[in-house]
2 protein chains.
Amino acid sequence: MKILLDAMGGDNAPAAVLQGAEQANREFGQGMTIALLGPEQTIRQVAAELSIDLAPFEIIDCPEVITMEDDPVKAVRQKTGSSMIKGLTLLKKGEGDAFVSAGSTGALHVATSLIVRTLKGIKRPALAAQIPTVRQPFLLLDCGANAECRADMINTFGTMGSVYARQVMGRADPAVMLVNNGTEDHKGTPLYREAHQRLQANPSIRFAGNIEPRDLLLGQADVVVCDGFVGNVILKLTEGVASTLLRMLKPIFLKNLLTKLAYLAIKGGLGDLKKMMDSEEVGGAPLLGAARPVIKAHGSSKAKGIKNAIRQARLCVENDLCGTMQKALDETLAAAGEG
Amino acid sequence: MKILLDAMGGDNAPAAVLQGAEQANREFGQGMTIALLGPEQTIRQVAAELSIDLAPFEIIDCPEVITMEDDPVKAVRQKTGSSMIKGLTLLKKGEGDAFVSAGSTGALHVATSLIVRTLKGIKRPALAAQIPTVRQPFLLLDCGANAECRADMINTFGTMGSVYARQVMGRADPAVMLVNNGTEDHKGTPLYREAHQRLQANPSIRFAGNIEPRDLLLGQADVVVCDGFVGNVILKLTEGVASTLLRMLKPIFLKNLLTKLAYLAIKGGLGDLKKMMDSEEVGGAPLLGAARPVIKAHGSSKAKGIKNAIRQARLCVENDLCGTMQKALDETLAAAGEG
């Protein structure tokens with residue numbers, strides 16, 4: 001198995017990417033080659049500085065780099081020598097089994113659609129992220145790749161999310177829920193009412209009804225679906241509220257000597273809480289519906305985030321995510337009379 | 001000035017409502033009469049139990065009660081003797097200057113639309129709630145009264161929110177922002193792109209552009225507008241994430257004697273944080289666009305929440321909220337060629 005890794009993607013590239021690759025190779029590298037894509041000279045230089053042994057890795061020289069400022073569509077056409085475009089092209093050709101990048105989400109989404117293409121029945125991949133809860137994380141999709149959605153798209157999100165939860169997150173019988181402004185079946189806008197009906201009739205999933213935003217972090221759902229505009233709000237607002245609150249704890253502890261001592265006493269517990277809310281822990285966001293596995297690591301990923309994204313990519317390949325997903329999608333679409 | 005108060009609305013009615021009314025009357029009762037609406041016998045009995053002197057209050061006997069289970073539209077027609085319907089009818093007739101209720105949001109919204117009616121240019125009132133931030137609260141609308149919105153509605157939310165921020169929240173030159181999945185002008189769905197353009201051309205407000213959900217709690221905005229489905233997600237998810245996180249702090253402090261001592265040291269600071277995130281502190285949610293002031297207090301309001309909602313109602317009347325809002329709406333609609 002070969003995992004193609006964009007060495008130049010993300011805020012901390014290439015150092016964090018190389019460190020993550022090294023950790024992944026050490027911890028679960030058996031039967032897997034990691035190919036590092038980027039300017040070979042830069043990779044060798046940074047690896048030398050970090051004392052990383054490059055012997056276990058394949059290096060694929062990519063002289064160009066896509067930045068956050070690049071227009072995604074133009075970049076696909078013009079920056080064919082970049083790590084992202086070259087990686088996705090190799091993935092398409094079968095010269096690699098999965099692609100991992102912490103680069104621009106927009107560019108990765110567009111380039112994946114145009115180069116790797118999508119499964120039958122899916123027009124554009126959905127971005128799925130794992131959101132931490134008091135129990136276990138749930139998979140949220142679409143997180144913003146498709147700001148406007150039709151009800152049949154939200155229904156396929158249910159199927160794709162369910163397959164990912166089973167094949168990669170290890171959930172035996174995942175509960176799929178629909179974000180809505182009430183738990184009753186008839187709640188929501190016409191779009192959400194229709195999505196509810198389609199999900200209820202979907203034979204490929206266990207649909208557990210609507211979930212209100214207030215209850216999301218209680219962790220009853222394995223997969224939560226909604227349109228990409230709402231999904232983006234949920235993803236970003238959860239991050240925003242959690243980080244604001246945790247930041248607001250700081251001055252409380254800095255007040256005086258007693259509170260500073262108090263901080264020492266509960267430091268470990270607070271660390272666990274921060275860890276729980278940490279997107280690094282849960283790893284990357286898969287682009288579900290792509291014809292082959294593509295994982296978007298968080299832009300601010302450190303070594304751990306990259307390592308966990310590589311682990312997810314490995315599981316996608318091992319458990320035939322895309323093949324299983326195509327079968328489930330065929331079933332979903334046939335049942336909806338659209339197969 | 002007469003404030004009509006639904007004594008039977010909310011989870012803690014009538015006790016919390018009567019206590020809130022007593023506090024309001026004591027703290028800022030001058031020049032204001034509070035009329036208590038509910039079954040007179042119940043009001044007198046509960047007041048006696050709580051040793052509340054009813055002499056300063058008017059009591060309007062309303063034998064019927066609307067419950068959360070009642071269908072809002074049916075309740076308006078059938079439960080004309082209830083505190084909510086009678087209160088709104090008196091408001092419409094001018095026999096009171098504002099109505100405050102902690103009862104069912106759905107019933108209050110429907111009954112307000114049908115009985116009190118709306119300002120010219122507004123079809124259905126919007127629910128506006130104050131959301132706490134690290135600085136000062138902002139007003140969010142629509143919070144769910146209108147799950148489906150057109151761009152021109154989102155534009156009038158900007159005007160109405162701006163007037164409320166000025167007249168009631170004391171913001172001299174309120175910044176209105178639009179929730180969106182990016183700060184650039186062209187971001188979002190067609191609905192949000194059109195809303196952005198309309199807000200930018202709106203002469204009645206100071207539009208400060210898009211705001212991403214991640215940044216909402218940083219407090220740059222005075223008024224934040226969006227459709228009611230998204231607003232409901234923001235309101236409920238913020239509450240959910242904050243309460244989940246604060247609840248998760250508890251076991252950290254209960255771990256051992258040292259952590260329990262730590263809790264004592266930072267208890268005051270944590271209390272301030274909880275207070276900041278407390279919807280009771282900021283009071284009720286106005287139904288903006290109603291022809292006369294209607295304030296929805298939180299369903300779980302205790303005395304303080306009721307008191308603060310009465311204070312808001314008083315400010316609405318004193319500062320001629322509805323008259324000022326009609327003038328601003330006329331200006332907004334004229335500029336948009338819809339006046």
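Keep in mind that what you see is a predicted model, and the values were worked out from it rather than measured.

Basis of the calculations
Residues numbered from 1 in each chain as written. Chains lettered and ligands numbered in written order. Predicted model: local features only at pLDDT ≥ 70, side-chain atom pairs only at ≥ 80, totals over all residues. Heavy atoms only, no water. Helix = DSSP H or I, 4+ residues; strand = E, 2+ residues; numbered from the N terminus. Rg over C-alpha atoms; globule rule 2.2 N^0.38 Å. Buried < 20%, exposed > 50% of the residue type's maximum accessible area, 1.4 Å probe, protein only. Contact = heavy atoms within 4.5 Å. Areas by Shrake-Rupley, 256 points an atom, 1.4 Å probe, with all protein chains shown as cover. Lys, Arg positive; Asp, Glu negative; His and termini not counted. Charge placed at Lys NZ, Arg CZ, Asp CG, Glu CD. Salt bridge = Lys/Arg side-chain N within 4 Å of Asp/Glu carboxyl O. Polar contact = N/O pair within 3.5 Å; in protein donor to acceptor, adjacent residues only side chain to side chain. Nonpolar A, V, L, I, M, F, W, Y, C, P; charged D, E, K, R; others polar. Patch = residues over 30% accessible without salt bridge, like charges linked within 9 Å, V, L, I, M, F, W, Y side chains within 5 Å. Pairing = 2+ DSSP bridges. Axes fitted to C-alpha atoms, helices over the stretch in contact; angles between N-to-C directions. Parallel < 35°, antiparallel > 145°, perpendicular 65-115°, else oblique. Left-handed = near helix turned anticlockwise from the far one by under 90°. Least-squares fit on C-alpha atoms with pLDDT ≥ 70 in both.

### Quick notes on the overall build of chain A
- Helix and strand counts for chain A come out as 12 helices and 12 strands.
- Relative to the compact-globule value of 20 Å for 339 residues, chain A shows a C-alpha radius of gyration of 21 Å, a close match.
- C-alpha extents for chain A along the principal axes are approximately 60 × 60 × 35 Å.
- Out of the 339 residues belonging to chain A, those deemed buried represent 59%.
- Contacts in chain A between residues far apart in sequence, at least 24 positions, make up 71% of those at least 6 positions apart.
- Total accessible area computed for chain A in this model is approximately 13400 Å², and 50% of it derives from carbon and sulfur atoms.
- Of the side-chain charges in chain A, 38 are positive and 36 negative, and the distance between the mean point of each set is 3 Å.

### Focus on the interface of chain B and chain A
- Taken together, the contact between chain B and chain A spans 46 residues of the former and 46 residues of the latter.
- Our count for the chain B to chain A interface comes out at two salt bridges.
- Across the pair A:Glu239 and B:Arg214 runs a salt bridge, and its minimum N-O distance is 3.6 Å.
- Viewed at the interface, chain A and chain B are joined by zero residue pairs in polar contact (both at pLDDT 80 or more).
- Of all the elements in the fold, those that place two or more residues in the side of chain B that touches chain A are helix 7 (190–201), helix 8 (228–253) and helix 9 (257–276) of chain B.
- Considering each element in turn, the side of chain B that touches chain A owes the most residues, 19 residues, to helix 8 of chain B.
- Classifying every residue of the side of chain B that touches chain A gives 29 nonpolar, 10 polar and seven charged.

### Remarks on a nonpolar patch on the surface
- On the surface, a nonpolar cluster with roughly 450 Å² of combined accessible area is contributed by A:Leu257, A:Leu258, A:Leu261 and A:Leu264.
- As for its placement among the helices and strands, A:Leu261 is situated in helix 9 (residues 257–276).

### Description of the sheet that holds strand 2 (residues 33–38) of chain A
All names here are of chain A.
- Spatially, 3-2-1-4-12-11-5 is the arrangement adopted by the seven strands of the open sheet, whose pairing is mixed. Strand pairing shows two members of the sheet lacking a second neighbour, strand 3 (58–61) and strand 5 (126–127), which therefore form its edges.
- Sheet strands touched by helix 4 (residues 83–93): strand 1 (2–6), strand 2, strand 3, strand 4 (98–101) and strand 12 (294–296). Its angle to strand 4, the strand with the most contacts, is close to 165°.

### Describing the pairing of strand 11 (residues 285–288) of chain B
Residue and element names in this part refer to chain B.
- By the alternation rule, side chains of strand 11 split into Ala285 and Leu287 and Pro286 and Leu288, which are all buried.
- In the sheet, strand 5 (residues 126–127) pairs with strand 11 via two bridges, with the strands oriented antiparallel. Bridging across to strand 11, Ala126 finds its partner in Leu288.
- Pairing between strand 11 and strand 12 (residues 294–296): two bridges, direction antiparallel. Its bridge partner lying in strand 12, Ala285 is registered against Lys296.
- Between strand 11 and strand 12, which pair antiparallel one after the other, the connecting turn spans five residues, and Gly289 there sits at a positive phi close to 105°.

### Some thoughts on the packing of helix 1 (residues 15–28) of chain B against helix 11 (residues 303–318) of chain B
All names here are of chain B.
- Closest axis-to-axis distance for the helix 1/helix 11 pair is 7 Å, and the angle between their directions is 50°. The angle between the axes of helix 1 and helix 11 places the two elements in the oblique class. Helix 1 and helix 11 meet at a crossing whose hand is right-handed. Between helix 1 and helix 11, the contacting residues are Ala16, Val17, Gln19, Gly20, Ala21, Gln23, Ala24, Glu27 and Phe28 on the first element and Ala303, Lys304, Ile306, Lys307, Ile310, Arg311 and Arg314 on the second.

### As for the relation of the copies chain B and chain A
- Structural alignment of chain B on chain A gives an RMSD of 0.0 Å, achieved by rotating through 180° and translating 0.0 Å along the axis. Such values leave the two copies arranged in the relation of a two-fold axis. Of every C-alpha in chain B, the one belonging to B:Ala262 sits nearest the axis of rotation, 1.9 Å from it.
- Most of the interface of chain B is mirrored in chain A, where 100% of its interface residues are also at the interface.

### As for the pattern of salt bridges
Residue and element names in this part refer to chain A.
- The tally for this structure, following the rule as stated, stands at 22 salt bridges over all chains.
- Note that Lys120 is salt-bridged to Asp330, the shortest N-O span being 3.9 Å. Here the residue Lys120 occupies a position in the loop between helix 5 (105–116) and strand 5, and Asp330 occupies one in helix 12 (residues 321–335), the gap between them amounting to 210 residues.
- Accessibility expressed as a relative area gives 59% for Lys120, which makes it exposed.

Without other data, these values stay purely geometric and don't point to any function.
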